[in-house]
Amino acid sequence: MKTALVTGSTRGIGLAVARDLSRDHHVVVHGRDEEAVRAVVASLPSASAWVADLSGPAFAAPELDRLDVVVHAAGVIGGDTVESTTRDDWRRVFEVNVFAVAELTRQLLPALRAAEGTVVAINSGSGFMAGTGGGTYAASKFALRALTDALREEERPHGVRVSSVHPGRVDTDMQRELVEKEGGRYDTALYLEPGSVADAVRLVVDLPHGATAEVVSVRPTRRA
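Since the model is a prediction, treat every value here as computed from it, not as a measurement. (Residues numbered from 1 in each chain as written. Predicted model: local features only at pLDDT ≥ 70, side-chain atom pairs only at ≥ 80, totals over all residues. Heavy atoms only, no water.)

Caption draft 1: Structural detail: the nonpolar core. Counting 31 residues, the largest nonpolar core has Val17, Leu21, Val71, Ile122 and Val165 as the members making the most contacts within it. Those elements giving two or more residues to this core turn out to be β1 (2-6), α1 (12-21), β2 (25-31), α2 (34-43), β4 (69-72), β5 (118-122), α6 (194-206) and β7 (215-218). When neighbours within four sequence positions are excluded, Val17 is seen to be in contact with Val6, Val71, Ala198 and Val201. (Core = buried A, V, L, I, M, F, W, Y, C linked by side-chain atoms within 4.5 Å. Buried < 20%, exposed > 50% of the residue type's maximum accessible area, 1.4 Å probe, protein only. Helix = DSSP H or I, 4+ residues; strand = E, 2+ residues; numbered from the N terminus. Contact = heavy atoms within 4.5 Å.)

Caption draft 2: Highlighting helix α3 (residues 87-115). Between its first and last C-alpha atoms α3 spans 39 Å; for 29 residues at 1.5 Å apiece the expected length is 42 Å, and the two agree. Its maximal kink placed at Leu108, α3 deviates by approximately 55°, while the proline Pro110 follows within four residues. The first or second residue beyond α3 is Glu116, which carries a positive phi of 45°. (Expected span 1.5 Å × (residues − 1). Bend = angle between axes of the 7 residues up to and from the residue.)

Caption draft 3: Region of interest: the pattern of salt bridges. Per the counting criterion, the structure on display carries 11 salt bridges. Of the charged contacts, one joins Asp24 and Arg202 as a salt bridge, the two residues approaching to 2.9 Å between their closest N and O atoms. A residue pair is termed long-range when its members are at least 10 positions apart, and Asp24 in the loop between α1 and β2 and Arg202 in helix α6 qualify at 178 residues. Judged by its relative accessible area of 36%, Asp24 falls in the partly exposed class. The residue Glu103 makes a salt bridge to Arg106 at a minimum N-O spacing of 2.7 Å. Taken together, the positions of Glu103 and Arg106, both in helix α3 and three residues apart, correspond to about one turn of that helix. Here the residues in one salt-bridge network are Asp20, Arg23, Asp24, Arg202 and Asp206, joined through shared partners. (Salt bridge = Lys/Arg side-chain N within 4 Å of Asp/Glu carboxyl O.)

Caption draft 4: Structural detail: the packing of α3 against helix α4 (residues 135-155). Closest axis-to-axis distance for the α3/α4 pair is 9 Å, and the angle between their directions is 15°. If you check the angle between α3 and α4, you find them roughly parallel. With respect to the hand of their crossing, α3 and α4 are arranged in right-handed fashion. Taken together, the residues of α4 that come into contact with α3 (itself represented by Asp89, Trp90, Val93, Phe94, Asn97, Val98, Val101, Ala102, Thr105, Leu109 and Arg113) are Gly135, Thr136, Tyr137, Ala139, Ser140, Lys141, Ala143, Leu144, Leu147, Leu151 and Glu155. (Axes fitted to C-alpha atoms, helices over the stretch in contact; angles between N-to-C directions. Parallel < 35°, antiparallel > 145°, perpendicular 65-115°, else oblique. Left-handed = near helix turned anticlockwise from the far one by under 90°.)

Caption draft 5: Main features of the pairing of strand β3 (residues 47-51). In this structure, β2 lies alongside β3, joined through five bridges in parallel fashion. Note that in β3 the partner of Val28 across the bridge is Ser48. In this region the chain leaves β2, passes through α2 and returns to the parallel neighbour β3; the handedness of that crossover is right-handed. (Pairing = 2+ DSSP bridges. Right-handed = clockwise from strand over helix to strand, strands pointing away.)

Caption draft 6: Representation of the environment of Ala102. Inspection of the secondary structure puts Ala102 in helix α3. Sequence separation between Ala102 and Leu147 is 45 residues; the distance between their C-alpha atoms is 7.5 Å.

Caption draft 7: Representation of the side chain of His30 in the model. Along the polypeptide, His30 turns up in strand β2. Residue class for His30 comes out buried when judged on its relative accessible area of 3%. A distance of 2.9 Å separates the side chain of His30 from the backbone nitrogen of Gly8, its partner in a polar contact. At 2.9 Å, the side chain of His30 forms a polar contact with the backbone oxygen of Ala52. With sequence-adjacent residues up to four places away left out, His30 is seen in contact with Val6, Thr7, Gly8, Ser9, Thr10, Val37, Trp50, Ala52 and Leu54. (Polar contact = N/O pair within 3.5 Å; in protein donor to acceptor, adjacent residues only side chain to side chain.)

Given below as C-alpha cells:
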C-alpha cells in the first residue's frame, strides 16, 4: 500500500484530505493534539500517528523508507495592517506556513525520492494577491508559492512531482475566525467545502506520473 503524510489532518482541509487519501493509502496523521490525532487514526482504515508542533524551533519527521505523497495542509492566519503587526506576529505565521513546510520537506526528501513521490502544498488565493490587513498571511503564501516553484525544478531530476493547490475561501474553523475578525456574516453557501479541496488534491495525486498539475486554483461557484 502507498503511504501519504498529511499535516494538520485533525480538522478542516487536512482532515478531508486524509479521509480521501485513506481509500488507497496508509495515512500518517499529523497534529499537535495527541488525543485528536489518535481519534483520526482510529477512524481510518490504515493510519499511524505523528504528533508534532510545527511552530517549534525543531521537529523530527517520521522515519519512512518511502513516501508516495506529502500534503502540507497545516497553516495559520495572523497579522493585521503592516502598521499593527509586530515582528513576532510575522514570525509566527511564517514559521508554520513557510519554514515548517521547507524543513519537513527537506527531511522527507530521501523517502519521496525513493518513491518518486508527490509534494502537495495547500496554498491560498492569497498566494496570488494581497489586500488591506491581509499582508502577513498573503506574504507567507506568496513565499510558499516561491518555495514550491523552486522545489519543483530542483526535484524534477529525481522524479518528485511538486504541486501547489490554491483554494478560495473554505468552510473551516479558520475561515470562521477570519470572518469574525473582518466583522462579516458567515454564509456557508459562499465557501468551498473541505471535500472539494480534497478532490483537487486527489486530481493532483492520481495524474499519471509523467504529468504534474503544477498549480491548481479552486474557487467557490457563488460569490458574495
